[in-house]
Amino acid sequence: MQSILITGGLGYIGSITITELYKAIGKQYKIIILDNLSNSNIQVLDTISSIIGEKLDLHIVDIQNYNELVEVFKKYKEQYPINYIIHFAALKAVGESVENPIKYYQNNVVGTLNLLKCAEEYKCQNFLFSSSATVYAPGEFVDEEASFKPSNPYGETKVAIEYLIRSLSKKGGRYLCLRYFNPVGATKDGKLGEMPNKPNNLFPYIEQVAIGNLQQLYVFGNDYNTPDGTGIRDYIHVLDLAEAHVVALQELIKKDQMNENYYDYFNIGTGKGFSVLDIVNEYSKLVPIKYQFTNKRGGDVAILVANPNKTKDKLGWIAKRGLQEMCQDSYNFIKSKQQ
Ligand code: NAD
Ligand code: WQD
């Protein structure tokens, strides 16, 4: 049996993707998790086990450590060779990346380089990478051919890795970059969601207001060139995002089995933009969200929304869940964590 290595598999998107992947192909492949716990908790493994009914192998390894990483490939070589990699592991706090670019390049770029070196050594040529909409300049209905224009070191690391992947793909193999827009929400049972140590993004802040840990949300700017003056983004339910990974991996598997080379990159968004006030209003149908306008946040843009058409046409994937469901599942999750 072949294995699928999931780096960063105890994190927000990785853990939820694993549960969806297991449902889809968990009997055909061994799923191996690798994480250094820098932004996750070991208890997530138990939660995953309780959902899927099986305890998966976990390696607490830092991808910056080549020697430890290569041991993982070696361990499975005979019985369960690693033939597919879904690479979630990365640091992702934009502000921190501005403060400490070396840490971000070291963790994200050097870490990925190590991973791809191991993959090459162990003849694993099927790679699915978590890229980000942050590689683009702001815009409405941004398609995949838009130029790279990251505005912070975190985004630069994603661009650097995309270039590395593009170069490698020319030697053969199968490589996919998924550029996520703004993932939000949680699983229906409220068991898996985002639990940042320090909230950076809109939904984690709103969740803290929703359960009374914060008095109000600070809305960053009300004079953007948008209908209500607040920033517009393409929020995508994390379950839709997880399903996109299942579809993308199945595509890689198909191409691998046909021994075809493959390289592509896709937006993973809904194509619909919502403003900060749209989110506050929708969430307030569940629980009142007090807010106050404050200054714009450095580096923020007015609008960033995906054109999802290429993904629909070539991968056959579209997001199914709307804003109401994103808010409802986010609220269920944070309430269940509070108890
Ligand atoms: P997360 O922080 O919840 O998960 C990342 C996981 O990777 C964590 O469990 C962390 O401990 C692990 N990790 C980090 N560095 C590591 C290292 N050096 N070695 C081993 N493990 C390491 O983040 P997430 O939201 O689940 O994001 C997953 C991926 O998606 C990341 O690559 C991120 O850049 C990308 N992405 C996220 C968003 C978002 O808004 N959440 C948007 C676009 C892209
Ligand atoms: C959304 C909107 C804020 C918090 C970030 C990364 C991006 C990607 C996704 C990884 C903006 C406003 C927010 C608050 C607010 N991550 N806001 N008050 O900035 O679109 O994207 O996460 O790849 O790289 O930059 O997401 O959730 O931080 O902000 O008013 O307390 O909410 O100004 O308009 P963003 P976000």
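The shown structure was predicted, so the numbers you read here are calculated from the model rather than taken from an experiment. (Residues numbered from 1 in each chain as written. Chains lettered and ligands numbered in written order. Predicted model: local features only at pLDDT ≥ 70, side-chain atom pairs only at ≥ 80, totals over all residues. Heavy atoms only, no water.)

Things to note about the overall build of the chain
In terms of regular secondary structure, the chain is built from 11 helices and 15 strands. Against the compact-globule benchmark of 20 Å for 339 residues, the chain has a radius of gyration of 19 Å, which places it among compact chains. C-alpha atoms of the chain, sized along the principal axes, occupy 60 × 45 × 40 Å. Counting all 339 residues of the chain, 55% fall into the buried class. Long-range contacts, defined as pairs at least 24 residues apart, comprise 83% of the intrachain contacts of the chain with a sequence gap of at least 6. Per element, the accessible surface of the chain, about 15,100 Å² overall, is 48% carbon and sulfur. (Helix = DSSP H or I, 4+ residues; strand = E, 2+ residues; numbered from the N terminus. Rg over C-alpha atoms; globule rule 2.2 N^0.38 Å. Buried < 20%, exposed > 50% of the residue type's maximum accessible area, 1.4 Å probe, protein only. Contact = heavy atoms within 4.5 Å. Areas by Shrake-Rupley, 256 points an atom, 1.4 Å probe, with all protein chains shown as cover.)

Structural notes on the site of ligand 2
Around ligand 2 there are 19 residues in total, and S132, Y154, Y218, R233 and D300 lie nearest to it. Taking Y154, its side chain carries an N or O atom lying 2.5 Å from an oxygen atom of ligand 2. Side-chain polar atom of N182 to an oxygen atom of ligand 2: 3.0 Å apart, as the coordinates give it. Computed on the free molecule, ligand 2 has an accessible area of 690 Å², of which 88% lies beneath the protein chains in the complex. Breaking the shell around ligand 2 down by element, the ones donating at least two residues are α7 (202–210) and β9 (217–220). The element that contributes the greatest number of residues to the shell around ligand 2 is β9, accounting for 4 residues. Considered class by class, the residues forming the shell around ligand 2 number 10 nonpolar, 6 polar and 3 charged. (Near = heavy atom within 4 Å. Polar contact = N/O pair within 3.5 Å; in protein donor to acceptor, adjacent residues only side chain to side chain. Nonpolar A, V, L, I, M, F, W, Y, C, P; charged D, E, K, R; others polar.)

Observations regarding the UniProt feature "domain: NAD(P)-binding" (unreviewed entry) in the chain
Annotation from UniProt places "domain: NAD(P)-binding" (unreviewed entry) at residues 5–329. Between the end C-alpha atoms of residues 5–329 there is a gap of 28 Å, over a span that is 40% helix and 20% strand. (UniProt positions renumbered as here; feature names shortened; annotations may be inferred.)

Concerning helix α6 (residues 153–169)
Since the α-helix turns once every 3.6 residues, residues separated by three or four places project in the same direction. Between its terminal C-alpha atoms α6 stretches 24 Å, which fits the 24 Å expected from 17 residues at 1.5 Å a residue. Where α6 is concerned, the buried positions are P153, Y154, G155, T157, K158, V159, I161, E162, I165, L168 and S169. Check the buried side of α6 and you find it contacts α4 (94–99), α5 (101–121), β5 (126–132), β7 (174–180) and β12 (262–268). The N-capping residue of α6, defined by a side-chain oxygen 3.2 Å from the backbone nitrogen of Y154, is N152. (Expected span 1.5 Å × (residues − 1).)

Things to note about the site of ligand 1
In the vicinity of ligand 1, 28 residues are found, and the nearest of them are D35, N39, S40, K92 and Y154. Between an oxygen atom of ligand 1 and a side-chain N or O atom of S40, the distance comes to 2.7 Å. A distance of 2.9 Å is found between an oxygen atom of ligand 1 and a side-chain nitrogen or oxygen belonging to K158. Counting only elements with at least two residues in the shell around ligand 1, the list comes to α1 (12–25), β5 and α6. Among the elements that take part in the shell around ligand 1, β5 stands out by supplying 3 residues, more than any other. Here the residues of the shell around ligand 1 sort into 13 nonpolar, 11 polar and 4 charged.

Considerations on the environment of G273
With respect to the helices and strands, G273 occurs in the loop between β12 and β13 (274–275). Remark: the alpha-carbon pair of G273 and L304, spanning 31 residues in sequence, is separated by 7.7 Å. Ignoring sequence-local partners within four residues, the contact set of G273 consists of I232, R233 and V305.

Digging into the pairing of strand β3 (residues 57–60)
As paired strands, strand β2 (residues 30–35) and β3 are joined by 4 bridges and run parallel to one another. In the sheet register, D35 faces β3, and the bridge partner there is I60. With helix α2 (residues 43–52) bridging β2 and the parallel β3, this β-α-β connection has right-handed handedness. (Pairing = 2+ DSSP bridges. Right-handed = clockwise from strand over helix to strand, strands pointing away.)

Concerning the sheet that holds strand β10 (residues 232–233)
What the 4 strands build is an open sheet, ordered β6-β15-β10-β13; its pairing is mixed. Here the strands that pair on one side only, and so sit at the sheet edges, are β6 (139–142) and β13. Strand direction decides the pairing type here: β6 and strand β15 (residues 303–306), joined by 2 bridges, are parallel. When the sheet's bridge partners are listed, V142 is paired in β15 with A306.

Description of the pattern of salt bridges
Inspection of every chain in the model, using the stated rule, returns 23 salt bridges. Across the pair K285 and E282 runs a salt bridge, and its minimum N-O distance is 3.2 Å. For K285, a relative accessible area of 64% gives the class exposed. Accessibility expressed as a relative area gives 15% for E282, which makes it buried. It is possible to trace a salt-bridge network through shared partners that takes in K188, D240, E243, K320, R321, E325 and D329. (Salt bridge = Lys/Arg side-chain N within 4 Å of Asp/Glu carboxyl O.)

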